[in-house]
Each structure stands twice: as structure tokens, then as C-alpha cells.
Amino acid sequence: MSMELYAEEIVAHYEHPHNKGVIANASASHHGYNPLCGDDITIYLEIEDGKVADAKFDGVGCAISIGTASMLTDHLKGKTLAEINKMGIPTITDLLGIDPGPVRLKCATLSLKAAQSALKGYRK
Amino acid sequence: MSLDVEKIRKDFPILKIKIDGKPLIYLDSAATSQKPKKVINAISKYYKTYNANIHRGVYQIAEKATFEYEKSKKKVASFINADSIEEIVYTRNTTESINLVARTWAEQNIGKGDRILITEMEHHSNIVPWIDLVKRKGAILDYIKLNQNHDELDGNSVKEQMEKRPKLVAITHASNVLGTIVDVKSMAKTAHENGARILIDGAQSVPHMPVDVREIDADFYAFSGHKMLGPTGIGVLYAKKELLDYMPPMFGGGDMIKTVERFSYTPNDLPWKFEAGTANIEGGIALGVAVDYLKKIGMKNVRDHEKRLTNYALEKLSSVKHVKVYGLPVNRLDERGGVVAFSIDDIHPHDVASIFDTEGVAIRAGHHCAMPLVVEVLKQPALSRMSFYIYNNEEDVDKAIAAIEKVKNTFKINKTEVLA
């Protein structure tokens, strides 16, 4: 494990997360849970004209899950649903700037999986 | 006599490896212990020189394999002072040993409305089999509560629950999270006085302290080989012969029978009645070698060494700011095993363990397979834990303390303090 995983940027996102909170009556939302760390994150997406107009997350977890949720919600804004569905592990490693390794990847991808699950439940 | 840690360390090949160029500091023996050369060599010697099935072949290597496997049972029986090898059933691990009791003895002896009594500091392996059993039988599962400090069993709760006259008390000998050692001898006495049988989870005790199942008067005693220098996949269920005699086999097949007819069979003698199919032969033999290794050091010396290290760790940690340590205080080391669970402010333990790993320090982070204790009682999502064994020294503890500082720097905890 390299200390690069705990680079200034991710720690800053963890300590001062962007987009933390709830969107009342969101177009789509999903609650994700990672039993490894007990990370518990709910993603809220507001969708307008097939694009994400706003994204927020709420919950508790480790620095990697909260840090990536903060970065990812920034990243999702303005993206189309098709673009989000195509996102995967490379999206997360790009945001982090490092491959978190097989175990911590579960923490890092939790919010993306929750966002994609939220879209599955979205019908419009 | 104190134990010669530097000499012992040389027996463990893994302690020579490097993690990103740094020496491995292994502080997770409560999860699994490392293995000495003798144990590793015993496995390869079996495969290289006398690999054969046991209790079948009449040729020389089959006889040797059978002899060595049965000899390992004698070593294990004597290690915990069982009456004979008839009382030593090999399983895969502690979990399987407990499940064996749940699926055989309890299946026959627990009925509707009967009570099973466990505690709030059990490992999942001593919770889940009983949740399933009470569902199957319409029985009741009760918990002995922890005290207000959350560091030992509450005496009133013990009394109150025992008076409900459970049929079975299933209890840990030493908590894998708090390190708290339970006075199982007194528990067994109380259980018996109230008409209960007692099962003791010895996963965290047999590797670390002298254990005498007859002195405790345990009815069932379960432990794992891999936490006591042995390989994975071999565990032990000790049970009193008078109980094993009447328990039905858990699995049917080869080796657990004397004779088979088309519609009936006669089960084998103890302990083989409970060991269907080809056994983990190399695991049993290597466990015997692990027992020899521990006996040579002396279990009292093992215990004293771990007490010293725990004392050292607790003293050091007491002066580290932002660290909370769980379990009994330093003045009660006689009742505390070599396990130190801690948290650093609200930093998630997985972040703690990942940062420790960058220094080559292996600790456990998580709910430690004890979610009712960690999540419901201690109200933590997870905890970090260092645990000690015969190959650990004060330097290992110092490295862990240094890693704590690295965690605090990464999350700028110290800086916050200066600003405040």
C-alpha cells in the first residue's frame, strides 16, 4: 500500500466533502453499504433533460469512500445517464490518481455503484 | 525463565520478508499466527516422504502416516489435559467445532422453550450457530451483558441469566476484541449448578495461556490450529467422553464407521465417529508439531511474555493523544490477553490499517467478527486492533506507535490541536 492513496487531495475531500447532504425528492437515489469498512453512503441525483443537474451524497465511512464520493459527485454533474452508466473502475482510479488495490477498491467504488444503481431505479 | 524472543524470531521465516522495503511487523496473531520452520517442514516432510491415507493401508508409509496423525492427537490431548484422544475430535477450525456441537448435541438436547446463554462479547462463530439453532427448535437465545465500562461481563447479568436455567452456556474464554479473559472455571461451576452444559470458545486462549479442560470442567472446548502456530484447516473440539458417546455423527462416510450394511451402519469408536472422509492428515501432524513447539517454550512463559508486551503497549498508548484504548485497564493485566483494540479520534480503522501498512505494520481493522460487541455495545463502526504473540517484541509496539503518529499527521490531527 502506497501513501499516495492518502494524498492531500483525497484527505481534503474527506475532511471537507463537497456535495454532502440530501436532495429532497431527488429524481433518483440509492443507498450503498460496504460491509468491509461499514461504509454507508446514499447518493442523490437530480436529473434534468437526461443530464445530472445536481448530485449529493450523505453517510459515513472511511476516508477513501467519503473522499471518492465527494470527488465523484463533482464529476457526475452535467454528465448524461449513458455516460454515467459507462463509468467504471478507471473513472475512480483517474479521480484518485492511483489504483487503491483490490481490497480498498470496494470503498472507492461504493459511491459510483450506488449512483449507477440509482439510475437503474430511475424511469422517465 | 523468560522467553528468548530473538531466538524465537529466527524460527519464523516470514519475519524476514519486506513490505515495500520495510521489515514486516506482524501484529495480527489474533487473526492467525505465523508458522515456525518446524511446522512448515512437517507438512512438506509428510508429502515428500510418507504421503498415504490413514486407517486403511497396510504398507509402511500408510502405517507411518496413521501413527503420526494419531500421535498428534495424543499431543493435543495432553496439551489441554484431556483424559484421552477419544475426547479430541479434529475439525477445520473453532467455527466448525462449535457448529458440530450445535448440529449434534444441541440438536438432540435443545427443545422448544429451552434457553441458550451466550455473552455480548462473542465472536460470530459463537453467535450464528445458536441463532440458527433457536430458530430451528423454537428455543430462546439470551445474552450476558457487559458492565458499564464495557470491559468485562457484568456480574449481576451473569447471575440473572444463569438463574433462568439455560440448557447450554456458550462462552468465550478470551475476547478477540477486548482481550478480556473470562473466569471460565467459575462460569462452568455456575452453569453446572444451574443444570447447564458449558461450551467454551478457546480460539484466543489455547494459543496464549495454559489451559486445563478438566480443571475448568468444560463440557465442550473449541479451538483452532492456525492461531497456535499450526496450519489452517485444522481445529479441535474437545468434549467429555460421556457426551461424545451419545452424540450422533455430523457427517456420514468413510472412516467414521465400523461396518456398513445396505440399510444400516455401526459408527466407529471415538473420536473417529466424528471424522468422516479422508482427514486433513498433514494439518493434524503439523498441529502436533506446533504443540511440541509451544510446550518447549512453556505456556506460562508465553502468557507472561504477552502480559509484559500488553503492559508496555498500554503504558505507551496512555500518553498518545487522540487514542482511545478498549478493554480492562493496565492494573488488571491478569485478566487481559495480548489484544489491544483502539481508535484514533474518528479516523476510520481501515484508513488507520492502510496507513500502518505503508510502514510494514500489519494490524486488523474492522468489526473483528464481533458485530454485536463492536457495533451495538461499543457503538463503533469498526476498531483497529494489535495483537501479540511469542515473536513480537517492544520494538514492534514502538513501530505501531510511530505509525499512529503517521496517521495523525496524514489527517492533520496534531495540527488541529495546535490551532485549537
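From a predicted model like this one, the values you see are computed outputs, not experimental measurements.

Conventions used here
- Residues numbered from 1 in each chain as written.
- Chains lettered and ligands numbered in written order.
- Predicted model: local features only at pLDDT ≥ 70, side-chain atom pairs only at ≥ 80, totals over all residues.
- Helix = DSSP H or I, 4+ residues; strand = E, 2+ residues; numbered from the N terminus.
- Rg over C-alpha atoms; globule rule 2.2 N^0.38 Å.
- Contact = placed C-beta atoms within 7 Å.
- Core = buried A, V, L, I, M, F, W, Y, C linked by C-beta atoms within 7 Å.
- Buried ≥ 20, exposed ≤ 12 C-beta atoms within 10 Å, placed from the backbone.
- Domains from an automatic or database assignment.
- Pairing = 2+ DSSP bridges.
- Axes fitted to C-alpha atoms, helices over the stretch in contact; angles between N-to-C directions.
- Right-handed = clockwise from strand over helix to strand, strands pointing away.
- Parallel < 35°, antiparallel > 145°, perpendicular 65-115°, else oblique.
- Left-handed = near helix turned anticlockwise from the far one by under 90°.
- Nonpolar A, V, L, I, M, F, W, Y, C, P; charged D, E, K, R; others polar.
- Expected span 1.5 Å × (residues − 1).

Trainee: Describe the overall build of chain A, and please don't skip the residues or the numbers.
Mentor: Within chain A, the regular secondary structure consists of six helices and three strands. Shown N-terminal to C-terminal, the secondary structure of chain A runs as helices and strands in the order α-β-β-β-α-α-α-α-α. Compactness check: chain A gives a C-alpha radius of gyration of 13 Å against a globular reference of 14 Å for 124 residues, within 12% of the reference. Dimensions of chain A, computed from the C-alpha atoms along their principal axes, are close to 45 × 25 × 25 Å. Considering only contacts within chain A whose residues lie at least 6 apart along the sequence, 66% involve residues at least 24 apart.

Trainee: So what's going on with the overall build of chain B? Which residues, and what values?
Mentor: Across its full length, chain B carries 16 helices and 17 strands. Relative to the compact-globule value of 22 Å for 420 residues, chain B shows a C-alpha radius of gyration of 22 Å, a close match. Sequence separation of 24 or more characterises 70% of the internal contacts of chain B that already satisfy a separation of 6 or more.

Trainee: Any details on the nonpolar core? Residues and values, ideally.
Mentor: All names here are of chain B. Residues I198, F220, Y238 and A290 are the most contacted members of the largest nonpolar core, which totals 155 residues. Looking at this core, the element that brings in the most residues is helix α11 (residues 281–297), giving nine residues. Mapped onto the domain boundaries, this core takes at least three residues apiece from domain 1 (5–31 + 298–419) and domain 2 (39–295). Apart from residues lying up to four places away in sequence, F220 is in contact with V101, L199, I200, L237, Y238 and A239.

Trainee: Summarise the sheet that holds strand β4 (residues 88–91) of chain B; cite the residues concerned and give the values.
Mentor: Residues and elements named next belong to chain B. With mixed pairing, the seven strands of this open sheet are ordered in space as β4-β10-β9-β8-β7-β5-β6. Among the strands making up the open sheet, the edge pair consists of β4 and β6 (140–144). Direction aside, the axes of adjacent strands within the sheet are offset by 20° on average. Here strand β9 (residues 220–224) runs beside strand β10 (residues 235–239); their pairing, made up of five bridges, is antiparallel. If you follow F220 over to β10, its bridge partner there is A239.

Trainee: Provide a residue-level description of the pairing of β6 of chain B, including the pertinent values.
Mentor: Residue and element names in this part refer to chain B. Both strand β5 (residues 115–119) and β6 contribute to a ladder of five bridges, which runs parallel. Residue pairing for β6: R115 is matched across the bridge by I140. In this fold, β5 hands off to helix α6 (residues 128–137), which returns the chain to β6; that crossover is right-handed.

Trainee: Any details on the sheet that holds strand β13 (residues 323–325) of chain B? Residues and values, ideally.
Mentor: Residues and elements named next belong to chain B. What the four strands build is an open sheet, ordered β13-β14-β17-β16; its pairing is antiparallel. The open sheet terminates on both sides in strands that have one partner only, identified here as β13 and β16 (364–366). Geometrically, the sheet is characterised by an average inter-axis angle of 30° between neighbouring strands, direction not taken into account. In terms of strand pairing, β13 meets strand β14 (residues 339–344) through three bridges, oriented antiparallel. Its bridge partner being in β14, V325 is matched across the sheet by F342. Sitting on the sheet, helix α13 (residues 349–357) is in contact with β14, β16 and β17 (383–387), with an inclination near 160° to β16.

Trainee: Report on the packing of helix α2 (residues 63–76) of chain A against helix α5 (residues 101–108) of chain A, specifying residues and quantitative values.
Mentor: Residue and element names in this part refer to chain A. Axis separation between α2 and α5 bottoms out at 7 Å; the angle between their running directions is 50°. For the element pair α2 / α5, the angle class is oblique. The interaxial crossing formed by α2 with α5 has right-handed handedness. On α5, the residues touching I64, S65 and T68 of α2 are R104, C107 and A108. Classifying every residue of the contact of α2 with α5 gives three nonpolar, two polar and one charged.

Trainee: Tell me what's going on with the domain arrangement of chain B, and back it up with residues and numbers.
Mentor: Residues and elements named next belong to chain B. Split by domain assignment, chain B resolves into domain 1 (5–31 + 298–419) and domain 2 (39–295). For domain 1 and domain 2, the distance between their C-alpha centroids amounts to 29 Å. Taken together, the 27 residues of domain 1 in the interface contact 22 residues of domain 2. If you list the elements that add at least two residues to the side of domain 1 that touches domain 2, you get α12 (299–318), β14, α14 (371–377) and β17. Class assignment for the residues of the side of domain 1 that touches domain 2 results in 17 nonpolar, four polar and six charged.

Trainee: Explain α2 of chain A to me, and be specific about the residues and the numbers.
Mentor: Residue and element names in this part refer to chain A. In this model α2 runs 20 Å from its N-terminal to its C-terminal C-alpha over 14 residues, within 8% of the 20 Å that 1.5 Å per residue would give. Buried residues dominate α2, accounting for 13 of its 14 residues. Taken from the residues just after α2, G78 is the one with a positive phi, measuring 90°.

Trainee: So, the pairing of β14 of chain B: which residues are in play, and what are the values?
Mentor: All names here are of chain B. In terms of burial, β14 is a largely internal element, six of the six residues being buried. Neither face of β14 is open: one carries V339, A341 and S343, the other V340, F342 and I344, and all of them are buried. Note: β14 against β17, four bridges, orientation antiparallel. In the sheet register, A341 faces β17, and the bridge partner there is R385.

Trainee: Describe the environment of K189 of chain B, listing the residues and the values that go with them.
Mentor: Take K189 of chain B: it is sitting in helix α8 (residues 184–193). It is 27 Å that separates the C-alpha atoms of K189 of chain B and G298 of chain B, two residues lying 109 residues apart in sequence.

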